[in-house]
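Single-letter residue listing:
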Amino acid sequence: PEYQQLNYGMTLAAFKNIFFWEYFHRLWGRLLGLAFGLPFLFFLLTGRIPNGFGLRLGLLLLLGGFQGVVGWWMVKSGLTQDASVSQYRLATHLGVALVIFSLLIWTAFDLRDGRSKGPAGHALASLVLLGVTILAGALVAGMDAGLLYNHYPLMGNGLVPVEYGDHGLMDPFDNPASAQFHHRWIAALTFGAVVVLGLKARKGQMKRRANLVLAAVSLQFILGIVTLLHGVPVSLGGMHQAGAVVLLGCLLALIHGNGQPALNRQNNLPDNAQA
Ligand code: HEM
């Protein structure tokens, strides 16, 4: 359907290009499953998985398989009368990818540095805000909403676009202008929360990680604006998506470090201190 509606007259060479990325992405996903699953099975059978990690690693493998199913479900939504994939399914696919990524990072730090407390307080709020910003960004990408308003901070003549609320109850999810508006301002809240967390953490043991978080969140915010002002070319859109993953990784590293009782004792902080 996409050929008839959006890409009519597309050359074979151009088709080969999009086919390559689609096919490469699928093969890479399967390869990741093997790269994780085979060593996991080997270490499990030879009894080399540390105590308490077997179930978590097994669940991660299952989540990886589930992500493949979500990917299929997402692509299927584009093979209908409406040729674009559903923005809800795209957001789900990105969301599950980032849940897997977060659990992998957390588990890797647990294995390397010892277990850490789960995030709480300001750290948890920052993580939740970042998650919501990322999902809001997926809605923007899923509806090509970045092509609508290419100025910052105004959207048209005001801060709030004129189309805001036009789609009734489903407006935040179905209206491209509202999706862009929400992504901009939730990102600004996230920026504020993460900067304060980073500045607080700079005074403690985790100075390097805090600096990384401060750099990552600032670059990501600026990159979002630059991507928008340039009309969302694929190169900048891709960098902005990757920047979100880098920021999430840096934030998790900081929160993990701050939640480690041993480190906090060295630093004379109470065990429950978060950042
Ligand atoms: C903490 C700050 C931010 C984070 C973590 C973030 C994250 C994301 C993510 C994950 C996406 C989806 C990418 C995809 O699925 O292709 C996205 C899309 C987008 N973001 Fe952001 N964003 C942030 C700030 C901003 C800001 C400040 C702006 C502009 C004012 C912005 C503009 C956009 C645009 C235009 C898209 C659509 C890109 C496309 O269609 O490929 N973002 N963002």
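Residues numbered from 1 in each chain as written. Predicted model: local features only at pLDDT ≥ 70, side-chain atom pairs only at ≥ 80, totals over all residues. Heavy atoms only, no water.

Asks: Describe in detail the site of the ligand, supporting the description with residues and values.
Replies: The environment of the ligand is made up of 21 residues, and the closest members are Tyr152, His183, Gln220, His240 and Gln241. Between the ligand and His183 there is a distance of 2.8 Å, counted from a nitrogen atom to a side-chain nitrogen or oxygen. Elements that contribute at least two residues to the shell around the ligand include exactly α5 (121-142), α7 (176-201), α8 (207-229) and α9 (234-258). Broken down by element, the residue count for the shell around the ligand peaks at seven residues, all from α5. (Near = heavy atom within 4 Å. Polar contact = N/O pair within 3.5 Å; in protein donor to acceptor, adjacent residues only side chain to side chain. Helix = DSSP H or I, 4+ residues; strand = E, 2+ residues; numbered from the N terminus.)

Asks: Give a detailed account of a nonpolar patch on the surface, specifying residues and quantitative values.
Replies: A grouping of Leu12, Phe15, Ile18, Phe19, Tyr23 and Leu27 is seen on the molecular surface, where their side chains present a nonpolar patch of about 590 Å² in accessible area. On the secondary structure map, Leu27 appears in helix α2 (residues 12-45). A relative accessible area of 37% means that Leu27 is categorised as partly exposed. (Patch = residues over 30% accessible without salt bridge, like charges linked within 9 Å, V, L, I, M, F, W, Y side chains within 5 Å. Areas by Shrake-Rupley, 256 points an atom, 1.4 Å probe, with all protein chains shown as cover. Salt bridge = Lys/Arg side-chain N within 4 Å of Asp/Glu carboxyl O. Buried < 20%, exposed > 50% of the residue type's maximum accessible area, 1.4 Å probe, protein only.)

Asks: Which residues make up the pattern of salt bridges, and what are the values?
Replies: Counting across every chain of the model gives four salt bridges. Between Arg56 and Asp110 there is a salt bridge; the shortest N-O distance is 3.0 Å. One end of the pair, Arg56, is in helix α3 (residues 54-76); the other, Asp110, is in helix α4 (residues 87-113), with 54 residues separating them in the sequence. Note on Asp110: relative accessible area 5%, which makes it buried. A salt bridge links Arg112 to Asp113, with the nearest nitrogen and oxygen atoms 2.8 Å apart. Among the residues examined, Asp113 registers a relative accessible area of 30% and is labelled partly exposed. When salt bridges that share partners are traced, they join Arg112, Asp113 and Arg209 into one network.

Asks: So what's going on with the packing of α7 against α8? Which residues, and what values?
Replies: Describing two packed helices takes the angle between their axes plus the distance from one axis to the other. Following both chains from N to C, one finds α7 and α8 inclined at 160°, their axes separated by 9 Å at the closest point. The pairing of α7 with α8 is recorded here as roughly antiparallel in orientation. In terms of crossing hand, the pair formed by α7 and α8 is left-handed. Judged by residue contacts, Gln180, Arg184, Ala187, Ala188, Phe191, Val194, Val195, Gly198, Leu199 and Ala201 of α7 engage Lys207, Ala210, Val213, Leu214, Val217, Ser218, Phe221 and Leu228 from α8. Split by residue class, the contact of α7 with α8 holds 13 nonpolar, three polar and two charged. (Axes fitted to C-alpha atoms, helices over the stretch in contact; angles between N-to-C directions. Parallel < 35°, antiparallel > 145°, perpendicular 65-115°, else oblique. Left-handed = near helix turned anticlockwise from the far one by under 90°. Contact = heavy atoms within 4.5 Å. Nonpolar A, V, L, I, M, F, W, Y, C, P; charged D, E, K, R; others polar.)

Asks: Tell me about the nonpolar core, and please be specific about residues and values.
Replies: If you look at the biggest cluster of nonpolar residues, it comprises 32 residues, and the most contacted ones within it are Leu251 and Leu254. Elements with a contribution of two residues or more to this core: α4, α5, α7, α8 and α9. Here this core takes eight residues from α9, the largest share from any one element. Every residue in contact with Leu251, bar those within four places of it in the chain, is listed here: Ser126, Leu127, Leu130, Val194, Leu197 and Val213. Listed in part, the seven residues of the second largest apolar core include Phe53, Leu57, Val96 and Ile100. (Core = buried A, V, L, I, M, F, W, Y, C linked by side-chain atoms within 4.5 Å.)

Asks: So what about α5? Which residues, and what values?
Replies: Between its terminal C-alpha atoms α5 stretches 32 Å, which fits the 32 Å expected from 22 residues at 1.5 Å a residue. Taken together, the buried positions of α5 are occupied by Ala123, Ser126, Leu127, Leu130, Thr133, Ile134, Ala136, Gly137, Ala138, Leu139 and Val140. The inward-facing, buried residues of α5 abut α4, α6 (171-174), α7 and α9. Following α5 by one or two positions, Asp144 adopts a phi angle in the positive range, close to 50°. (Expected span 1.5 Å × (residues − 1).)

Asks: Describe the packing of aromatic side chains, naming the residues involved and giving the relevant values.
Replies: Applying the stated criterion across every chain yields a total of 11 aromatic pairs. Ring geometry for Tyr88 versus Phe173: centroids 6.4 Å apart, planes at 45°, classification tilted. Here Phe173 lies in helix α6 and Tyr88 lies in helix α4, a separation of 85 residues in the sequence. Given a relative accessible area of 33%, Tyr88 falls into the partly exposed group. Put simply, the rings of Phe20, Trp21, Phe24 and Trp28 pair up and form one aromatic cluster. Of note, Arg115 hangs over the ring of Phe53, and the distance from its end group to the ring centre comes to 4.7 Å. (Phe/Tyr/Trp six-rings, centres within 6.5 Å; stacked < 30°, edge-to-face > 60°. Lys NZ or Arg CZ within 6 Å of the ring centre and 35° of its normal.)

Asks: Can you break down the environment of Ala145 residue by residue, with the values?
Replies: One can find Ala145 in the loop between α5 and α6. Note on Ala145: relative accessible area 0%, which makes it buried. Ignoring any residue separated from it by four or fewer positions in sequence, one finds Ala145 in contact with Val140, Pro176 and Gln180.

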